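# Examination of the molecular architecture
Residues per chain are reported as follows:
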Amino acid sequence: MIIGCPKEIKNQEYRVGITPSAAFEAVHHGHNVLIETNAGVGAGFSDADYEAVGAKIVAKASDIFEQSEMVVKVKEPQAVERKQLRKGQVLFTYLHLAPDPEQTKDLLESGVTAIAYETVTDRNGGLPLLAPMSEVAGKLAPQVGSWALQRANGGRGVLMGGVPGVSPAKVVVIGGGNVGTHAARVAAGMGADVTVLDMSLDRMRYLDDVFGGTFKTSFASKSNTLDLIATADMVVGAVLVPGAAAPKLISRAELAGMKPGAVLVDVAIDQGGCFETSKATTHDDPIYEVDGIVHYCVANMPGAVARTSTIALGNATMPFMLQLANKGWKQACSDNPHLMAGLNTHAGKLTYAAVGTALGIESITPSDALNI
Ligand SMILES: NC(=O)C1=CN([C@@H]2O[C@H](COP(=O)(O)OP(=O)(O)OC[C@H]3O[C@@H](n4cnc5c(N)ncnc54)[C@H](O)[C@@H]3O)[C@@H](O)[C@H]2O)C=CC1
Ligand SMILES: CC(=O)C(=O)O
Ligand SMILES: [Mg+2]
């Protein structure tokens, strides 16, 4: 198969979809790997690194889209990229379609077979291609949130760990999955007083077993949430209902119950955000203020630490990319239900129910798509 990887073009996105190590594996399995020139530079991989493992460097993104049977990326295709996708071609990348009607419409019109990293599953009910980036974004959340808490950035001027005689910052993490657990660990490591809210009692049992003493857990009822955000210096939004638009857990009116200069870090922004006042921002201009509350809503946080993120993502995606390339998408998906769970669009049909519900579009099942 011809597998192509264009350079990412989203704002400040320095990750790359195929690492030299993944390219090596694909070439070793008899595939042709095309990499756009300088695609890996932001993550510390030169064209020579790719050539050394047998990949071919291509000058223009348009040649990658034209020649590739499968396009492997990191971020959702931007409008100019979407125009170059076609029926019969496989796209393997993050999509986050539920909050993105325009992208969904374009992918359906293109006819492309789009497999979304964020909905591929594993046998433990996890999301193995989202998890590594959730670990990165979770670890970054207190780091960027503590920067936003600094007075010059509009924050309350509170130091995460406090100092002797002055209490540490209070951090509330809503959602105790991959993002939330890593955010809580880092915030606690910085010395903050951390509470994780979740709806899943099983998850909180696990967190309490493993991290009891490091941070607290609390059931994510509305009243507990309001009580905790009233005294919080930082709130991290880290909830997920797989594939669906994020539930809105704090309304604009409820911001009035928070301390002026408190910081919201909405990591769930790629699924539309879990605060009513969240709107996606970029690494260039990451924060804004609503009613005295600082919002950080960057939808590609891991791009900030592109080398760590690219290697972590490549470790996770490579085995799935190889299954798709070795068997073709239909055989690979019928052999592996976890990969099939990643199928979001095929030949003009939506194949992911939660996206259909969020956007009011009819969907078919991925197994029906195998017969088209
Ligand atoms: N902004 C960015 O750059 C990045 C964003 N993300 C996003 O972060 C979000 C979280 O991802 P993960 O931690 O991997 O998901 P996860 O599935 O590991 O964890 C989500 C947690 O939210 C909990 N939850 C669901 N509904 C809830 C509610 N109403 N109240 C309280 N808890 C609730 C679940 O029980 C689960 O424990 C996703 O939207 C993901 O796409 C992930 C990586 C990078
Ligand atoms: C998960 C995701 O959207 C990202 O890593 O940018
Ligand atoms: Mg994202």
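Bear in mind the structure is a predicted one, so any value in this text is a computation, not a measurement.

All right, on to the overall build of the protein then. Tallying secondary structure elements over the protein gives 14 helices and 15 strands in all. The C-alpha radius of gyration of the protein comes to 21 Å, within 12% of the 21 Å expected for a compact globule of 372 residues. Out of the 372 residues in the protein, the part that is buried amounts to 53%. A separation threshold of at least 6 residues defines the contact pool for the protein, and within that pool the share at least 24 residues apart is 63%. Split by element, the accessible area of the protein, about 15,000 Å² in all, is 53% carbon and sulfur. Put simply, the protein has 30 plus and 37 minus side-chain charges, and the middle of one group is 1 Å from the middle of the other.

Let us now look at the sheet that holds strand E12 (residues 287-290). Strand order in the open sheet formed by seven strands is E9-E8-E7-E10-E11-E13-E12, and the pairing between neighbours is mixed. If you trace the sheet from one side to the other, it starts and ends with strand E9 (216-219) and E12, each paired once. Direction aside, the axes of adjacent strands within the sheet are offset by 25° on average. As paired elements, E12 and strand E13 (residues 293-296) share four bridges and run antiparallel to each other.

Within the element layout of this structure, Val 41 appears in the loop between strand E2 (32-36) and helix H2 (47-52). A residue is classified by how much of its surface remains accessible, and Val 41, at 45% relative accessible area, is partly exposed. Sequence spacing of Val 41 and Leu 264 is 223 residues, and the spatial spacing of their C-alpha atoms is 32 Å.

Formed by 79 residues in total, the largest nonpolar core has its most connected members in Ile 18 and Phe 92. Broken down by element, the residue count for this core peaks at nine residues, all from helix H10 (residues 306-327). Looking at which domains feed residues into this core, each of domain 1 (2-119 + 306-369) and domain 2 (131-299) supplies at least three. Every residue in contact with Ile 18, bar those within four places of it in the chain, is listed here: Ile 3, Cys 5, Ala 23, Val 33, Ile 35, Tyr 50, Val 72 and Met 321. Membership of the second largest hydrophobic core comes to 23 residues, among which are Ile 250, Leu 264, Ala 268 and Cys 274.

Here is what the cut-offs are and how they apply
- Residues numbered from 1 in each chain as written.
- Chains lettered and ligands numbered in written order.
- Predicted model: local features only at pLDDT ≥ 70, side-chain atom pairs only at ≥ 80, totals over all residues.
- Heavy atoms only, no water.
- Helix = DSSP H or I, 4+ residues; strand = E, 2+ residues; numbered from the N terminus.
- Rg over C-alpha atoms; globule rule 2.2 N^0.38 Å.
- Buried < 20%, exposed > 50% of the residue type's maximum accessible area, 1.4 Å probe, protein only.
- Contact = heavy atoms within 4.5 Å.
- Areas by Shrake-Rupley, 256 points an atom, 1.4 Å probe, with all protein chains shown as cover.
- Lys, Arg positive; Asp, Glu negative; His and termini not counted.
- Charge placed at Lys NZ, Arg CZ, Asp CG, Glu CD.
- Pairing = 2+ DSSP bridges.
- Axes fitted to C-alpha atoms, helices over the stretch in contact; angles between N-to-C directions.
- Core = buried A, V, L, I, M, F, W, Y, C linked by side-chain atoms within 4.5 Å.
- Domains from an automatic or database assignment.

By themselves, these are just geometric observations and shouldn't be taken as functional.
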